[in-house]
Amino acid sequence: EEAAQILHQAIELYWEMGDHDRVARLYTRIAQLLWYDSNEKALETCREGLRRLEGVPEGPGLARLLAEAGRTVFFSASSSKEEVISLCQWAIAIADRIGDLQAKAEASITIALAVQESDTGKCLQILQEVIAFTEAKQLWEQATRAYLDYGEIISADLPVLEMKQKYIIRALQIASRFGDL
């Protein structure tokens with residue numbers, strides 16, 4: 001909570017300076033901090049940021065805020081698959097235009113999770129694509145998340161523990177190699 005308050009003060013400073021990209025990144029960071037304590041507070045922070053940034057030029061910060069908003073909606077009590085996909089597709093569209101692969105990966109992973117219940121095959125295909133491009137571009141945080149999600153999903157559909165272990169072990173290798181563990 002204290003860190004979030006300090007970041008809110010920074011938002012005001014960057015807003016006054018006209019640095020909308022930094023404002024969006026700070027809203028994203030606050031939401032990530034709050035997510036572990038209260039996903040609902042994280043979601044409200046994302047929505048506050050999106051309202052405030054309505055009409056600002058597209059940038060990496062906005063793409064990441066949209067991706068984080070999609071993730072928080074997915075994990076919220078009032079989860080709406082349509083809202084999750086809409087926010088994440090918007091994030092991907094911006095990310096594609098500006099070349100932000102991190103935002104694209106995060107939003108794609110969340111879309112995969114959102115479609116899992118209705119189309120496990122599509123979910124796994126999206127995660128395989130994310131795994132391929134995040135490893136190729138050395139986006140280790142996103143690669144780790146994609147591997148973990150892939151391992152969890154295949155273990156639900158396939159009774160093959162070795163398959164699950166393969167993906168989770170790879171996620172752990174990446175995380176430990178790059179200090180995320």
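A brief structural summary. (Residues numbered from 1 in each chain as written. Predicted model: local features only at pLDDT ≥ 70, side-chain atom pairs only at ≥ 80, totals over all residues. Heavy atoms only, no water.)

## Remarks on the overall build of the protein
To keep it simple, the criterion reads: Helix and strand assignments come from DSSP, with helices taken as H or I runs of at least 4 residues and strands as E runs of at least 2, each series counted from the N terminus. Atoms counted for the radius of gyration: C-alpha only. Globule rule: 2.2 Å times the number of residues to the power 0.38. Two residues form a contact once any of their heavy atoms are found within 4.5 Å.
Along the protein, the regular secondary structure elements total nine helices and zero strands. Beginning at the N terminus, the succession of helices and strands in the protein can be written as α-α-α-α-α-α-α-α-α. By the compact-globule yardstick of 16 Å for 181 residues, the protein fits well, its C-alpha radius of gyration being 17 Å. Counting contacts in the protein only where the partners sit at least 6 residues apart, residues at least 24 apart contribute 57% of the total.

## Description of the pattern of salt bridges
What counts here: We define a salt bridge as a contact between a side-chain nitrogen of Lys or Arg and a carboxyl oxygen of Asp or Glu at a distance within 4 Å.
In this structure the tally under the stated criterion is 10 salt bridges. Asp149 is paired through a salt bridge with Arg145; the nearest N and O atoms lie 3.9 Å apart. Here Asp149 pairs with Arg145, and both are found in helix 8 (residues 140-157), just four residues apart, close to one helical turn. Here the salt bridges share partners, and the residues they tie into one network are Glu106, Arg145 and Asp149.

## Points about the environment of Glu2
Cut-off, in case you're wondering: A simple rule labels every residue: compare its accessible area, found with a 1.4 Å probe on the protein chains alone, to the largest value its type can have, and call it buried under 20%, exposed over 50%, or partly exposed in between.
Residue placement: Glu2 occurs in helix 1 (residues 2-17). A residue is classified by how much of its surface remains accessible, and Glu2, at 61% relative accessible area, is exposed. Expressed as a C-alpha distance, the spacing of Glu2 and His20, which sit 18 residues apart in the sequence, is 23 Å.

## Considerations on helix 7 (residues 120-136)
Rules: Take the number of residues in a helix, subtract one, and multiply by 1.5 Å to get its expected span. Directions are taken from the helix axis to each C-beta atom, and the arc is the one they span.
Compared with an ideal rise of 1.5 Å per residue, which puts 17 residues at 24 Å, helix 7 spans 24 Å between its outermost C-alpha atoms and is within 8% of the ideal. The set of residues buried in helix 7 consists of Cys123, Leu124, Ile126, Leu127, Val130, Ile131, Thr134 and Glu135. Seen end-on, helix 7 carries its buried residues on one side only, within an arc spanning 160°.

## A closer look at helix 3 (residues 39-52)
Taking 1.5 Å of rise per residue, 14 residues should cover 20 Å, and helix 3 covers 20 Å from first to last C-alpha, within 8% of that figure. Turning to helix 3, its buried residues number three or more, namely Asn39, Ala42, Leu43, Thr45, Cys46, Gly49 and Leu50. Seen end-on, helix 3 carries its buried residues on one side only, within an arc spanning 160°. If you follow the buried residues of helix 3, they end up packed against helix 2 (20-35), helix 4 (60-74) and helix 5 (81-98).

## Focus on the nonpolar core
Generally speaking, soluble globular proteins have nonpolar side chains that are buried together. Under the convention used in this document: To define a nonpolar core, start from buried Ala, Val, Leu, Ile, Met, Phe, Trp, Tyr and Cys residues and group those joined through side-chain atoms within 4.5 Å.
Counting residues in hydrophobic clusters, the biggest one holds 56 residues, and the most contacted among them are Leu50, Leu65, Leu66 and Leu127. No other element matches helix 6 (residues 101-115), which puts nine residues into this core.

## Here's the deal with the packing of helix 3 against helix 4
The condition that has to hold: Here, axes are lines fitted to C-alpha atoms. For helices the fit covers the stretch in contact, and angles between N-to-C directions go from 0 to 180 degrees. Take the far helix as the reference: if the near one is turned anticlockwise from it by less than a right angle, the crossing is left-handed, and if turned clockwise, right-handed. The nonpolar class holds Ala, Val, Leu, Ile, Met, Phe, Trp, Tyr, Cys and Pro. Asp, Glu, Lys and Arg form the charged class, and all remaining residues, Gly among them, are polar.
One can describe the packing of helix 3 onto helix 4 by two numbers: an axis separation of 9 Å at closest approach and a directional angle of 145°. Remark: the crossing between helix 3 and helix 4 carries left-handed chirality. Residues Asn39, Ala42, Leu43, Cys46, Arg47, Gly49 and Leu50 of helix 3 touch helix 4, and the partners they reach there are Leu62, Leu65, Leu66, Glu68, Ala69, Thr72 and Val73. By residue class, the composition of the contact of helix 3 with helix 4 is nine nonpolar, three polar and two charged.

## Details of the environment of Leu113
Tracing the backbone shows Leu113 in helix 6. On the accessibility criterion, Leu113 (11% relative accessible area) is buried. With 40 residues separating them in the primary sequence, Leu113 and Ile153 have C-alpha atoms 8.9 Å apart. Apart from residues no more than four positions distant in its own chain, Leu113 is found in contact with Phe74, Phe75, Cys123, Arg145, Asp149 and Ile153.

## A look at unusual backbone geometry
Trans is the prevailing form of peptide bonds, just as negative phi is the prevailing case for residues other than glycine. Positive phi is not limited to glycine here, since Gln138 has a value of about 60°. As for its placement among the helices and strands, Gln138 is situated in the loop between helix 7 and helix 8. Assessed through its relative accessible area of 55%, Gln138 is described here as exposed.

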